[in-house]
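A structural walkthrough
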Amino acid sequence: MKDYSFRLPPYIPYTLLFVAIFLILGILLGLLYYEYEEEVVQRVYDQGFSILNQVENEILDQFTAYRTALQKLSTRQDIITTTDQGKRILKFYYELNQDEISAISRVDRNGKVVYTYPERPELIGTNISNQSHVQKIQQTQKPVLSDIFQSIQGYNALAYHYPIFLNGTFDGSVAILIPFTTVFEKKLSQVELTKGGKAWLVSGDGIILHSPFKSDYGAIFFEQYKEIPSFPKSFEGINSHQADIHTFLIPNNGSFPFEPGLYDIVHKPLALEDSYWDLFFITPRKVVVADMQSFLTSIVLIIISIFVMVSFFILLLFRQRKQIQEKQIQVSIERAIGQEKAQLVSILESMESLVFVIDPDDKYIIYANPTAKKYFGESVLGQSCQTIFLKKDETCPKLCIIQDIIPGETQTVKELFIQTINHHFQVFSKRISWQSGGEKILIVMNDITEQKTLDLMLHQAREKLRILNSITSNEIMNQIFILGGYFEIVREAQSDEERFLYHNKCHESLKKVEELVKYLQAYQGLGQSHPKWQNVNEITIYAFSHLSSRSIAHVVTTGSLEIYADPLLEQGFEQLIRNSIIHGKTVDTITLTASIESESEDLLLSYTDNGQGIEPENKEKIFNKGYGSGQGSGLGLFLVREILSITGIEIHETGIYQEGARFEMKIPKGAYRYDSGSD
């Protein structure tokens, strides 16, 4: 009897499965695209804040320099009384900074101009007490930064006034005029903006100090852009002086200086004296779209690849006979190369690289060479690769590409970090035929942890050296400025006594410059060489040999202890000893001891003296750059901490005041050792 029941063609179930898989993948890739878009937008925001932080630091550094200079000028008697010498000093300051300021003036307590440079005789005696910032300094007797105003010199500028006191009584101010249109443009033009980004700087009263559009200069910010829908409403953070981010839309109609489209805005307030300015960074959303174009292209290629692969898989289901034939051929080939596989295993056993063979189906490790067992233990065989390579709370990392390896091709994962053993590896993987039959995944891993660590240390050290050069250069320039003033005074001195006094001051400034140059020469090698192992006892002896300290006994009980540190460690120890000699006053014994903490296994290296010790409130300040500059360069202990930090060593002062100083250096496990070949 014939069977007339309806049966689906054999390819229909596979086709439906293919369609379902394709739809699920499409949904997942769509969600992935949305997540990636959010990540790119956040990256644009972060980059905007980074740019604004850089601009903020540039402007704050500039005004700090102004404030410091005006503060020094305000205390000089010849400037307070506006003598000829005082006028020359004001002229000298202007000529030194004429690229950044347009005038410098001395104003009396009633708001009258006593002197101004560049000299304008017709302005002497002009009463400017009607200017709001002059009234403010008369009331508060504190430094005042004005908004944009029309100066008596005839141009728009910012005024920065610093109060002057005569015998404790307010006696007017010394002020500079700042040409905002050139100064801030120079600062902002040095910032590397993102593709398509634009920056604005707005004063406290809403006047545009910098804009990518020249026509904006001097205009009121929100008046200039009030016709753009939602633009003025996007900055609620201005009144609260809080940083914020917003989005606004430019329509197709209207004569705006922007192209139509969606824009992202990052806003950050800038505090100067008692007023707030505002920094804005605006980026078109099309930048985000452009950054995502390659990602979108990748998604399309992945979908096409999946479509082709699944189609090919369905086609293979109808070619079972050919598959059987191919399998028979493969078995024959495997028998022929069985001897070569045994030789391969012998080679893998002798390799210094870590070698694993993993089953691609269940991800279990079926082979590990001796080097791999040394890293992960003898029990590694038979365990899942995820169990070995991952922590419990981790998701599968780049190693999971083993399931996507195309037969016959090699994939490389560079700088893969495995948290379970805290090591970096370079990973090579390839599908191979293994002796037990079937395809397996061969993974070869090279340990690059030491190179990564050294590169990071070298980068950090070079950054510290850059900071040191900047600090030293600024200090030397300050001393040169002071010397210039003293030389002017010596040249105009009326008596030998006054001339001798300022000759001594010149000598003191030159000694400071000499000391700063010595520090720069001593530490110019910071970070230029890789760290190395150094014996604590030996470097202590060498450090003492550079100093006149015969009256000070030193006791070192560290034995054969060696620590991994920058080659300048000896100079760091020398600075600690010099600090005890100069500031300890009664020091006659210095002791170095070492102990290992039971829990962390970190080593605690203690340097102690029996001097007068450090006051509790100064225990952390002594490591700040510039601290104690009255008795030296102010860089000593700051550089000690920088040298030690290159290899992760921390230093703190923990002594008891009046009983002696105690510097404790915490050396992490792996950065210290005891030389077994020494006593």
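Up top is the structure.
Residues numbered from 1 in each chain as written. Predicted model: local features only at pLDDT ≥ 70, side-chain atom pairs only at ≥ 80, totals over all residues. Heavy atoms only, no water.

Focus: the sheet that holds strand S8 (residues 208-210)
The 5 strands lie next to each other as S8-S7-S11-S10-S9, forming an open sheet whose pairing is antiparallel. The open sheet has two edge strands with one neighbour each: S8 and strand S9 (244-250). Averaged over all pairs of adjacent strands, the angle between their axes in this sheet comes to 30 degrees, without regard to strand direction. Of the pairings in the sheet, the one linking S9 to strand S10 (residues 261-272) comprises 7 bridges and is antiparallel in character. Residue pairing in the sheet places Thr-247 in a bridge with Asp-264 of S10. (Pairing = 2+ DSSP bridges. Helix = DSSP H or I, 4+ residues; strand = E, 2+ residues; numbered from the N terminus. Axes fitted to C-alpha atoms, helices over the stretch in contact; angles between N-to-C directions.)

Comments concerning the pairing of strand S21 (residues 603-609)
Burial runs high along S21: 7 of the 7 residues are buried. As defined by bridge partners, strand S20 (residues 589-596) adjoins S21 across 7 bridges and the pair is classed as antiparallel. Each residue of the ladder has a partner; that of Ala-594, found in S21, is Leu-605. Alignment of S21 against strand S23 (residues 662-667), held across 6 bridges, turns out to be antiparallel. If you follow Tyr-607 over to S23, its bridge partner there is Phe-663. (Buried < 20%, exposed > 50% of the residue type's maximum accessible area, 1.4 Å probe, protein only.)

Here we look at the nonpolar core
Membership of the largest hydrophobic core comes to 41 residues, with the highest contact counts inside it found for Phe-63, Ile-104, Ile-176 and Trp-277. When residues in this core are grouped by element, the largest group, 11 residues, is from helix H1 (residues 11-74). Val-536, Phe-573, Leu-644 and Phe-663 belong to the second-largest nonpolar core, a separate cluster that totals 34 residues. (Core = buried A, V, L, I, M, F, W, Y, C linked by side-chain atoms within 4.5 Å.)

Re unusual backbone geometry
Keep in mind that most residues, glycine aside, have a negative phi and that most peptide bonds are trans. Cis geometry is adopted by the peptide bond preceding Pro-118, which originates at Tyr-117 and carries an omega value of 5 degrees. The residue Pro-118 is located in the loop between strand S2 (113-117) and helix H4 (132-140) in this model. A positive phi angle, close to 55 degrees, is found at Thr-82, a residue other than glycine. Mapped onto the fold, Thr-82 is located in the loop between helix H2 (77-80) and helix H3 (84-96). Residues other than glycine seldom take positive phi values, yet Lys-585 does so here, at roughly 65 degrees. Its place among the elements puts Lys-585 in the loop between helix H16 (569-583) and S20. Lys-585 gets classed as exposed once you look at its relative accessible area, which sits at 60%.

Let's talk about the sheet that holds strand S24 (residues 672-674)
Spatial ordering of the open sheet is given by S17-S19-S24, a layout of 3 strands whose pairing is antiparallel. Every interior strand has two partners, whereas the edge strands, strand S17 (532-535) and S24, have only one. Here the average twist between neighbouring strands, direction ignored, is 30 degrees. Where strand S19 (residues 561-565) meets S24, 3 bridges bridge the pair, whose relative direction is antiparallel. Following the sheet pairing, Leu-561 is matched in S24 by Tyr-674. Of the strands in this sheet, S17 and S19 touch helix H15 (residues 536-545), which is tilted by about 70 degrees from S17. (Contact = heavy atoms within 4.5 Å.)

Quick word on the packing of H16 against helix H17 (residues 636-645)
Packing of H16 against H17 brings their axes to within 9 Å, and their N-to-C directions diverge by 150 degrees. Where H16 crosses over H17, the handedness of that crossing is left-handed. Only Gly-636, Leu-637, Val-640, Ile-643 and Leu-644 of H17 make contact with H16, whose side of the interface consists of Leu-569, Gly-572, Gln-575, Leu-576 and Asn-579. Across the contact of H16 with H17, the residue classes break down as 6 nonpolar, 4 polar and no charged. (Left-handed = near helix turned anticlockwise from the far one by under 90°. Nonpolar A, V, L, I, M, F, W, Y, C, P; charged D, E, K, R; others polar.)

From the geometry alone we can't say anything about function, so treat these as descriptive.
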